[in-house]
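Listed below, chain by chain, are the residues.
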Amino acid sequence: HYSGLEEAVYRNIQACKELAQTTRTAYGPNGMNKMVINHLEKLFVTNDAATILRELEVQHPAAKMLVMASHMQEQEVGDGTNFVLVFAGVLLELAEDLLRMGLSVSEASYILMTVIEGYEKACKKALEILPDLVCCSAKNLRDVEEVASLLYTSVMSKQYGNERFLAKLIAQACVSILPDSGHFNVDNIRVCKIVGAGISASSVLHGMVFKKETEGDVTSVKDAKIAVYSCPFDGMITETKGTVLIKNAEELMNFSKGEENLMDMQVKAIADSGANVVVTGGKVADMALHYANKYNLMLVRLNSKWDLRRLCKTVGATALPRLTPPTLEEMGHCHSVYLSEVGDTQVVVFKHEKEDGAISTILIRGSTDNLMDDIERAVDDGVNTFKVLTRDKRLVPGGGATEIELAKQITSYGETCPGLDQYAIKKFAEAFEAIPRALAENSGVKANEVISKLYAMHQEGKKNVGFDIEAEAAAVKDMLEAGVLDTYLGKFWGIKLATNAAVTVLRVDQIIMAKPAGGPKPPSGKKDWDEDQND
């Protein structure tokens, strides 16, 4: 028999456990892919927890708390979303075990408070221990080889087998645009996906790539001076409609000639200003195109405002609202602009010869759209990991090494605590085992064997030993030597957010949903139907 409080808490925990179980099987390099079909019937095949959660419409309010914690991790670190879900799910599962330990109904709320208190103490202790587990730091973020080795783990969890190739691509793109100030912006790494060839045909370009064709005859310009317009490349259109009365053929000829001359003057003025590439955000009129060809202007049309803004940032141009000739300050510059063919797709490339451009593009090739989407997600995680390293260069060992060491030290701490909350502290330590356990289970290895081996090594003081994912049997190895490293900030925020989410769910004893009450609806139709007729 449960009290109302326990019943509500158990229901909430159950919902969260089911959600965590969904993503747990996708954890690590050997995690299974999920096939998610969202409300628009778009298909996603991925093991990226952030994408799975974004496309699943989670309805249960308690489970939504876990989703929010996971989104917070995505915003704060950009990786480690699955860690938050798995860890929070296990914390709640173990809290349920504590609640079931044969307590009377009257003590349910007391034991809940004790569990919450124990979890909060243990979380605080874990975050105190974490800096001692740092095994190394990034030395030089401008060295492509070193950066590639640090991004290797993050990419490996999404694209196992292609991690070395992709990590090097991401490192080249990130290092080439890292400003002297060190403030790195993830938006400055663009991704362009083109079907065909294979992953190994992917490359990095300094500049921007658009899946567009040029409008006019000119398809290549060296030493480009670029005029950018946010308006259509067309004559001015009056705001009001006007009626022109034409009496004879001569007047008709003069009318169209006047329009042509005006267009000619406008395009000539742009060409005379020194610009040789025109980028427009609207439609291109046939007459304007004719004069652009006449004055040898390369014409590119970009429909997206975002693309236009990013191009302005890349080439250092100012987007002009009207077809006026640009000044030298308003014009953008880049080494070359050319039309190229990648596979059977026409692309326009704005290329910087020097490596210190504002934007880099990673050109992804692959056999299917789903595959390229998944590679793009791996690239995003790699770029976010680089950003985290620009904020904090510290690294901790991966492969479950950090988690087992935390579990070992927090268990010892729990034994020194008097009172009932020591049980919750020990359960918190036990929850860390879920990470190496998930890695082992997803690799088809006996998890208990792996965990006992890890504990044995850590008791000997080997803090950096984690699960060897590539071995056939339950094997362990030094993660620092293997180069399997996680960012310190990723672990720090992951533990903090998962604990906060679990504690918030445990504090909830009732879910009250505001919905319109039932009963008959008032008659619609006659207004003032309840007024007295005699008034």
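Each remark here, short or long, concerns the structure printed above.
Since this is a predicted model, take the numbers as computed values, not measurements.

Colleague: How should the packing of helix α8 (residues 249–272) against helix α9 (residues 286–294) be read in this particular structure?
Modeller: Two packed helices can be described by the angle between their axes and the distance between those axes. Where α8 meets α9, the closest approach of the two axes is 9 Å, and the angle between their N-to-C directions is 45°. Between α8 and α9, the interaxial angle falls into the category oblique. α8 and α9 meet at a crossing whose hand is right-handed. Here Glu 259, Glu 260, Met 263, Asp 264 and Val 267 of α8 lie close against α9, whose contacting residues are Met 287, Ala 288, Tyr 291, Ala 292 and Lys 294.

Colleague: Can you help me understand helix α15 (residues 447–459) in this one?
Modeller: Taking 1.5 Å of rise per residue, the 13 residues of α15 would be expected to cover 18 Å, and the 18 Å separating its terminal C-alpha atoms lies within 8% of that figure. Structurally, α15 contributes buried residues whose contacts are with α12 (401–416), α14 (434–442), β14 (465–467) and β15 (476–478). The positive-phi residue at the C-terminal boundary of α15 is Gly 461, with phi of around 95°.

Colleague: Mind showing me how you'd approach a nonpolar patch on the surface here?
Modeller: On the surface, a cluster of nonpolar side chains totalling about 440 Å² of accessible area is made up of Met 101, Tyr 110, Leu 420 and Tyr 423. Structurally, Tyr 423 is set in helix α13 (residues 421–431).

Colleague: How should I be thinking about the side chain of Lys 427 in this particular structure?
Modeller: Of note, Lys 427 is situated in helix α13. Among residues more than four places away in sequence, those in contact with Lys 427 are Leu 94, Asp 97, Leu 98 and Tyr 119.

Colleague: Whenever I open this one, the side chain of Asp 48 confuses me. Can you help?
Modeller: Take Asp 48: it is sitting in the loop between β2 (43–46) and α2 (49–55). Exposure remark for Asp 48: the relative accessible area of 7% places this residue in the buried category. Among the polar contacts listed, one links the side chain of Asp 48 to the side chain of Thr 51, at a separation of 2.7 Å. Here Asp 48 is in contact with Thr 81, Lys 158, Arg 377 and Asp 381, once residues within four sequence places are set aside.

Colleague: What exactly am I supposed to notice about a negative patch on the surface here?
Modeller: On the surface, Glu 213, Glu 215, Glu 341 and Asp 344 cluster together to form a negatively charged patch. Locating Glu 341 in the fold gives a position in strand β10 (residues 332–342).

Colleague: Just checking my understanding: could you explain the nonpolar core for this structure?
Modeller: For soluble globular proteins, the rule of thumb is that nonpolar side chains tend to be buried together. Ranked by size, the top nonpolar core spans 80 residues in total, and within it Tyr 119, Ile 410, Phe 428, Ile 495 and Leu 506 carry the most contacts. With 13 residues, helix α4 (residues 81–99) is the largest single contributor of residues to this core. Those residues within four positions of Leu 506 in sequence are excluded, and the remaining contacts are Val 9, Ile 13, Leu 92, Ala 95, Leu 112, Val 115, Ile 116 and Tyr 119. If you look at the next biggest cluster of nonpolar residues, it comprises 33 residues, including Ala 167, Val 175, Phe 184 and Val 204.

Colleague: So what exactly am I meant to see when it comes to the pairing of β2 here?
Modeller: It is a general feature of regular strands that their side chains alternate between the two faces of the sheet. Every second residue of β2 is oriented toward a common face, the buried set being Phe 44 and Thr 46 and the non-buried set Leu 43 and Val 45. Here 4 bridges tie strand β1 (residues 34–37) to β2, and the two strands are oriented antiparallel to one another. Residue Met 35 lies in a different strand from β2, and its bridge partner there is Val 45. Hairpin connection from β1 to β2: 5 residues lie between these consecutive antiparallel strands, with Glu 41 at a positive phi of about 65°.

Colleague: How do you make sense of unusual backbone geometry when you look at a structure like this?
Modeller: Negative phi is the rule for most residues except glycine; trans is the rule for most peptide bonds. Unusually for a residue other than glycine, Glu 41 sits at a positive phi of about 65°. If you trace the backbone, Glu 41 turns up in the loop between β1 and β2. Among the residues examined, Glu 41 registers a relative accessible area of 69% and is labelled exposed. Phi at Ala 197 is positive, roughly 55°, even though this residue is not glycine. Mapping Ala 197 onto the fold places it in the loop between β4 (189–195) and β5 (203–210).

Colleague: Looking at this structure, how should I read the packing of aromatic side chains?
Modeller: Each aromatic ring pair is described using two quantities: the centre-to-centre distance and the angle formed by the ring planes. Evaluation of the coordinates by the stated rule reveals 9 aromatic pairs. An angle of 85° between the planes, with centres 5.8 Å apart, marks the rings of Phe 210 and Phe 350 as edge-to-face. One end of the pair, Phe 210, is in strand β5; the other, Phe 350, is in strand β11 (residues 345–351), with 140 residues separating them in the sequence. Sitting over the ring of Trp 306, Arg 309 keeps its end group 5.0 Å from the ring centre. Cation over ring: Arg 394 sits above Tyr 488, and NZ or CZ is 3.9 Å from the ring centre.

Colleague: I tried to follow the pattern of salt bridges on my own but got confused; where do I start?
Modeller: Working definition: two side chains of opposite charge can pair if their charged atoms are close together. In this structure the tally under the stated criterion is 25 salt bridges. A salt bridge links Arg 507 to Glu 120; the nearest nitrogen and oxygen atoms lie 3.2 Å apart. On the criterion of sequence distance, the pair formed by Arg 507 in helix α17 (residues 488–507) and Glu 120 in helix α5 (residues 108–129) is long-range, its members being 387 residues apart. With a relative accessible area of 46%, Arg 507 lands in the partly exposed category. A salt bridge links Asp 392 to Arg 394, with the shortest nitrogen-to-oxygen separation between them at 2.9 Å. Residue classification places Asp 392 among the buried residues on the basis of a relative accessible area of 13%. The exposure class of Arg 394 is partly exposed, given its relative accessible area of 30%. A single salt-bridge network, built from bridges that share partners, covers Asp 48, Asp 79, Lys 158 and Asp 381.

Colleague: I keep staring at the environment of Ala 317 and nothing clicks. Help me out?
Modeller: Along the polypeptide, Ala 317 turns up in the loop between α10 (305–315) and β9 (319–320). Under the relative-accessibility criterion, Ala 317 is labelled buried at 12%. Not counting residues up to four positions away in its chain, the partners in contact with Ala 317 are Ile 226, Val 228, Cys 312, Glu 330, Met 331 and Gly 332.

Parameters at a glance
Residues numbered from 1 in each chain as written. Predicted model: local features only at pLDDT ≥ 70, side-chain atom pairs only at ≥ 80, totals over all residues. Heavy atoms only, no water. Axes fitted to C-alpha atoms, helices over the stretch in contact; angles between N-to-C directions. Helix = DSSP H or I, 4+ residues; strand = E, 2+ residues; numbered from the N terminus. Parallel < 35°, antiparallel > 145°, perpendicular 65-115°, else oblique. Left-handed = near helix turned anticlockwise from the far one by under 90°. Contact = heavy atoms within 4.5 Å. Expected span 1.5 Å × (residues − 1). Patch = residues over 30% accessible without salt bridge, like charges linked within 9 Å, V, L, I, M, F, W, Y side chains within 5 Å. Areas by Shrake-Rupley, 256 points an atom, 1.4 Å probe, with all protein chains shown as cover. Salt bridge = Lys/Arg side-chain N within 4 Å of Asp/Glu carboxyl O. Buried < 20%, exposed > 50% of the residue type's maximum accessible area, 1.4 Å probe, protein only. Polar contact = N/O pair within 3.5 Å; in protein donor to acceptor, adjacent residues only side chain to side chain. Lys, Arg positive; Asp, Glu negative; His and termini not counted. Charge placed at Lys NZ, Arg CZ, Asp CG, Glu CD. Core = buried A, V, L, I, M, F, W, Y, C linked by side-chain atoms within 4.5 Å. Pairing = 2+ DSSP bridges. Phe/Tyr/Trp six-rings, centres within 6.5 Å; stacked < 30°, edge-to-face > 60°. Lys NZ or Arg CZ within 6 Å of the ring centre and 35° of its normal.

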